[in-house]
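# Analysis of the macromolecular model
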Amino acid sequence: MTTKLFGEPVRRREDGRLITGRGRYLDDIGHDALAVAFVRSPHAHARVTDIDVDAALDVEGLVAVYTYEDLLGPMAEPLPVLIPHPQLTAPRTGYPLVRDVVHHMGEAVVMVVATDRYVAEDACDRITVSYEQLPVVVGVDAAREARHAVHEDVPDNVAARHHQETGDVEAALAASAHTLAFTQYIERSACMPMEGKGVHAAWDPADSSLRVYTSTQASTSVRAAIAAKLQLSLEKVEVVAPDVGGGFGVKIVHPWPEELLVPMAAIALQRPVKWTEDRREHFISSAHERQQRQEIRVGYDDDGRLTALDVRIWHDNGAYTPYGIIVPIVTATQLVGPYVVPTYRVRVDSVYTNTVIVTPYRGAGRPQGCYAMERTMDRIAQERGLDRAEVRARNLIQPDQFPYDHHLTFQDGRPVIYDSGDYPGLLDKLTALVGWSGVEERRAEATARGKLLGIGMAMYVEGTGPGPYEGGHVQVLGSGKVLVSTGLTSQGQGHETAFAQIVAHELGVPIEDVEVTTGDTRRFGYAVGTFASRAAVMSGNAIALAARGVKEKALRIAGEALEVDPSDLEIDEGLVQVKGTPGISIPLRTVAVLSNPLRYAFDEAAKQATQFAGPGDDSKPPVAAGDAPGLEHVDYYSPVRSTFASGAHAAVVEIDTLTWEIDVVQYAVVHDCGTIVNPMIVEGQVHGGVAQGVGGALYERMAYDADGQLQNASFMDFLMPYASEVPDIDIDHQQTPSPLNPLGLKGAGEAGVIPGTAAIASAIEDATGRRIAAMPISPTELYDLVRDDAAGRVAPRRTGAMA
Amino acid sequence: MRNRAMGQVDQERTVSAVVNGTPREFTVPARRLLSDALRHDLGLTGTHVGCEHGVCGACTVLLDGVPVRSCLVLAVQVQGAAVTTVEGLARSDHQGGEVLHPVQEAFRECHALQCGFCTPGFLMTIAAGLEARDPAQPVTDDEVEDMVGGNLCRCTGYANIKKAVHHAAATIREATR
């Protein structure tokens, strides 16, 4: 019997090259390419009055200089609004190179092409851009006040007003036994993959074709964008995502200006051209996420059960809206989490600021929604004098309530209907895993050591695997090799392994024979991309369906060759055989040869196949109607709607009362992503997400000053967690398979990051007895909060909490 | 015309160094970073550049056995030195194949990498850390924290990297028995 592969911690097939330095990342490609560097705006809001390139022309090795004036046709038009929405009433996007007005520090004004990057930067240094500075808007509150406008023709700074409601929330609040109202903030962080963006383009003039390598999460879409903007026919453009050094969302945006400008230069100069983003560029010209102001009104009964929830959000979308209002919609619709919310209203104003654009970063609006809902639960618990776990338990959707319709519309335009889950199960597992009931002893022990100890929890439901579709291609070669491809891309999620596990399992072949390619438009032209925890759900199922198609064809052909009914056949270890009758068999590779009526005897496999070739029916064509040569199949998976993963996290913090350093000493995760293909990979995703959650709660923020200068645009100043900042993580799994897809999968990629800020805020509040209403929080801020008599105090819930 | 401001930074120098056990000679402008020389002049692209200001550690290589951030070293500074990159970490099995270093094996075994971009820097740092200690002694958590504490990884949350260090140390310890 074939070794069990599905659901096993199979070691990763991509690791061999990556641990020996044989990976092929963007900047590893094309050492002879011309190099691009950009002159970027030092101002957040300014009118370009003059660009003087004369001094740069003396630099030996300079090849070309481009400004907006050099852009032609569609390139001179604004970049696309990828995802329009009726409520996005004032969408604005930039140009590939600045036209007249800069709207955030870091926007590219001039592109320089030179023989190498050092020379290109020399030339950039010699270009003088003159600016007339304009008033700057930074932060949601300033955007809301609208004393100044980011875009002249959007005087209120409001890009979109998103609004959903499930009933008359004012009436429901008025009828509620108790109500609470509060305001809280969450700040910006960023994906910050270790590899920045990068583009390599080579034009073949003889063939009039373009090959582009780009560090992207969406190669098929970049291809379409390049074809449209550079006016090329789609079949003349190939886009390949090579090994990508992390994405976390920022590389789903497309086209980045550089993804158009670099190919444009490669065509114009008839030379390969490459741009590799440096770290500072990544900070000031890619994307950030998370800043919101949240005003929450909630009604509940004596037992702490929700009766009404009204949420008003101001969401900072930065200077432009190329990615539409996906992030605020996700916040608005995922905020309700695992709870029954009888009447819900959410209104989001998505506002412009003179800062880097805001597009999805792992979680994509969910951490903010979770922060709103979970902190609401904590407030209700405190007001009612109830345990925080108990309040949550009373409000959870019960296992017999699925499918559960929240009567909201998700980011994909489909209803928010939870497909399956067991939220009380998650909560029970979490309280056991973290030792929720034993915290008072630990608090006393910590107090004796001079530390403040606190515990917090947060639960979430995550819509994963949105459509519209992904596809998979599976082909068995005469050598026995099984080629698998899908259009979406990989940035470290182990797709080469997980998808190979699926094919090996479905087709009955050794995993060693399976080769997976992702993100290469030469291999698969139709794809959506890797985001929203959708790769395993979407491509995993598409590939499974494709493998089932191959299997069906293989059994049919083998049945003819062996003169048995296909339903009596099985495939095991690459051998098609009669069930229960070993010996009557044919290798799958031979079936692959038989599948093609043209089989010159180039090799042994073809020679062997001839012995199985039947006499043939002279009255029929060699390839029957509806059939095709080759043992291969393409299939697509297109879900009716997203599938909803869920989980619960708890954090225990210890706070030093001298330094006010906040140490996360324990972190517990219970996670439900349905059926698991590879538990090792899923746990790895959880670990990485939690690390980013801890970073977002305690360390990471984009420190813009009032002039729109990003003051911490380096790894020296932007504090990403090192190993010393990430706690050990205890994980427990729960599996409620999705009824929506053949494999029962739910997404797992983003989950780890979602509840971090909420759980850690709750734990700090529990430890200090001080209201935590702005995250992230630094030791200095916590010190100020504790010392400030005017700051909100939380009534002590337990003995041992700081008075 | 050469711009005067360039000074001597782009004057070319020839550097001789032993790279991954092989004597190499390369001619680079004086300002060329070691990371760029390794990647673009010698084609050793396993060394990755994550920040170019010495914080992330992705570009870590061994200079005479000591981990250094190759983005903070000028190529001309390695004249006469031995440089080891991730490509030189495995050893030949003298039959056309290679034997992975225990830390490489451990990274695969423990799922200590995801996107793999920071991995070469971790491997070099940890390999040097393991080399510098008494292999007969079990490795402590503090030692492990020390070895991995100076490099950034955005994917793994470090848990499995720490596990891999323990695993590699145990393998090396077994081999010394």
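Residues numbered from 1 in each chain as written. Chains lettered and ligands numbered in written order. Predicted model: local features only at pLDDT ≥ 70, side-chain atom pairs only at ≥ 80, totals over all residues.

The name given to chain A in an unreviewed UniProt entry is Xanthine dehydrogenase family protein, with the source organism recorded as Goekera deserti.

### Quick notes on the overall build of chain B
Looking only at helices and strands, one finds five helices and seven strands in chain B. Start at the N end of chain B and walk to the C end: the helices and strands fall as β-β-α-β-β-β-β-β-α-α-α-α. For a compact globule of 177 residues, the expected C-alpha radius of gyration is about 16 Å, and chain B comes in at 17 Å, within 12% of that figure. Here the C-alpha coordinates of chain B stretch approximately 60 × 35 × 25 Å along the principal axes. Counting every position in chain B, which comprises 177 residues, the buried fraction comes to 54%. Long-range contacts, defined as pairs at least 24 residues apart, comprise 57% of the intrachain contacts of chain B with a sequence gap of at least 6. (Helix = DSSP H or I, 4+ residues; strand = E, 2+ residues; numbered from the N terminus. Rg over C-alpha atoms; globule rule 2.2 N^0.38 Å. Buried ≥ 20, exposed ≤ 12 C-beta atoms within 10 Å, placed from the backbone. Contact = placed C-beta atoms within 7 Å.)

### Observations regarding the environment of P135 of chain B
Within the secondary structure, P135 of chain B sits in the loop between α3 (119-131) and α4 (141-148). For the pair P135 of chain B and V61 of chain B, spaced 74 residues apart in sequence, the C-alpha to C-alpha distance is 22 Å.

### Examining the sheet that holds strand β29 (residues 774-775) of chain A
All names here are of chain A. As summarised here, the arrangement of the six strands in space is β7-β15-β14-β13-β8-β29, forming an open sheet in which the pairing is mixed. Because the sheet does not close on itself, it has two edges, and the strands there are β7 (158-165) and β29. Where strand β8 (residues 178-186) and strand β13 (residues 292-300) come together, nine bridges link them in antiparallel fashion. Looking at the pairing, Y185 lines up with R293 of β13. (Pairing = 2+ DSSP bridges.)

### Points about the sheet that holds strand β24 (residues 581-587) of chain A
Either a parallel or an antiparallel arrangement is found when strands of a sheet pair, and the pairing is made through backbone hydrogen bonds. All names here are of chain A. Strand order in this open sheet of three strands is β22-β23-β24, and the pairing throughout is antiparallel. For this open sheet the edge positions go to β22 (569-572) and β24, each flanked by a neighbour on one side alone. The sheet shows a mean angle of 35 degrees between the axes of neighbouring strands, taken without regard to direction. Judged from the four bridges that link them, strand β23 (residues 575-578) and β24 form a sheet pairing that is antiparallel. Residue pairing for β24: Q577 is matched across the bridge by S585. Docked against the sheet, helix α14 (residues 535-562) engages β22, β23 and β24, running at close to 115 degrees with respect to β22. (Axes fitted to C-alpha atoms, helices over the stretch in contact; angles between N-to-C directions.)

### Quick notes on the interface of chain A and chain B
Contacts between chain A and chain B engage 43 residues on the former and 46 residues on the latter. Counting residues per element, the ones that place at least two in the side of chain A that touches chain B are α1 (15-18) and α17 (679-698) of chain A. Of all the elements, α17 of chain A adds the most residues to the side of chain A that touches chain B, at six residues. When its residues are assigned to classes, the side of chain A that touches chain B shows 19 nonpolar, 13 polar and 11 charged. (Nonpolar A, V, L, I, M, F, W, Y, C, P; charged D, E, K, R; others polar.)

### Re the UniProt feature "domain: Aldehyde oxidase/xanthine dehydrogenase a/b hammerhead" (unreviewed entry) in chain A
The UniProt feature table records "domain: Aldehyde oxidase/xanthine dehydrogenase a/b hammerhead" (unreviewed entry) at residues 20-135 of chain A. Structurally, residues 20-135 of chain A is divided into 8% helix and 29% strand, and its ends, taken at the C-alpha atoms, are 51 Å apart. (UniProt positions renumbered as here; feature names shortened; annotations may be inferred.)

### Overview of unusual backbone geometry
The phi torsion of most residues other than glycine is negative, and most of the peptide bonds are trans. Residues and elements named next belong to chain A. Here the residue pair H254 and P255 is connected by a cis peptide bond, since its omega of -15 degrees sits within 30 degrees of zero. The topology assignment puts P255 in the loop between β11 (237-240) and α6 (257-269). The omega angle of the peptide bond from M775 to P776 is 0 degrees, so this bond is cis rather than trans. Turning to its location among the elements, P776 is positioned in the loop between β29 and α19 (779-787).

### Some thoughts on the domain arrangement of chain A
Residues and elements named next belong to chain A. Structurally, chain A comprises domain 1 (32-134 + 191-285), domain 2 (292-352 + 364-466 + 640-787) and domain 3 (467-637). Each of domain 1 and domain 2 was reduced to a C-alpha centroid, and the two centroids are 36 Å apart. Taken together, the contacts link 25 residues of domain 1 with 19 residues of domain 2. Each residue belonging to the side of domain 1 that touches domain 2 can be placed in one class, and the counts come to 14 nonpolar, eight polar and three charged. (Domains from an automatic or database assignment.)

### So, helix α2 (residues 117-125) of chain A
Taken together, the buried positions of α2 of chain A are occupied by R117, V119, A120, D122, A123 and C124 of chain A. Buried positions along α2 of chain A lie against β1 (34-40), β3 (62-66) and β5 (108-114) of chain A.

### Some remarks on the packing of helix α9 (residues 366-384) of chain A against helix α18 (residues 756-768) of chain A
Residue and element names in this part refer to chain A. With their axes 7 Å apart at the nearest point, α9 and α18 run at an angle of 30 degrees to one another. With respect to α18, the axis of α9 lies roughly parallel. Crossing angle aside, the handedness with which α9 passes α18 is right-handed. Together, P367, C370, Y371, E374, R375 and D378 of α9 and G756, T757, A758, A761 and S762 of α18 make up the contact between the two elements. Along the lines of polarity and charge, the residues of the contact of α9 with α18 split into five nonpolar, three polar and three charged. (Parallel < 35°, antiparallel > 145°, perpendicular 65-115°, else oblique. Left-handed = near helix turned anticlockwise from the far one by under 90°.)

### A short note on the nonpolar core
Residue and element names in this part refer to chain A. One finds V36, V110, V112 and V503 to be the most contacted residues of the largest nonpolar core, which totals 305 residues. Considering every element that reaches this core, the biggest residue donor is α14, with 15 residues. What V503 contacts, discounting residues up to four positions off in sequence, is V474, V482, V484, V514, I543 and A547. (Core = buried A, V, L, I, M, F, W, Y, C linked by C-beta atoms within 7 Å.)

### Topic: the domain arrangement of chain B
Accessible area lost during the coming together of the parts is what is often quoted as the interface size. Residues and elements named next belong to chain B. As assigned here, chain B comprises domain 1 (7-88) and domain 2 (91-176). Put simply, the middle of domain 1 and the middle of domain 2, counted by C-alpha atoms, are 22 Å apart. Tallying the contact residues gives 16 residues for domain 1 and 11 residues for domain 2. Contributing elements (two or more residues each) for the side of domain 1 that touches domain 2: β3 (60-63) and β4 (66-69). With three residues, β3 is the largest single contributor of residues to the side of domain 1 that touches domain 2.

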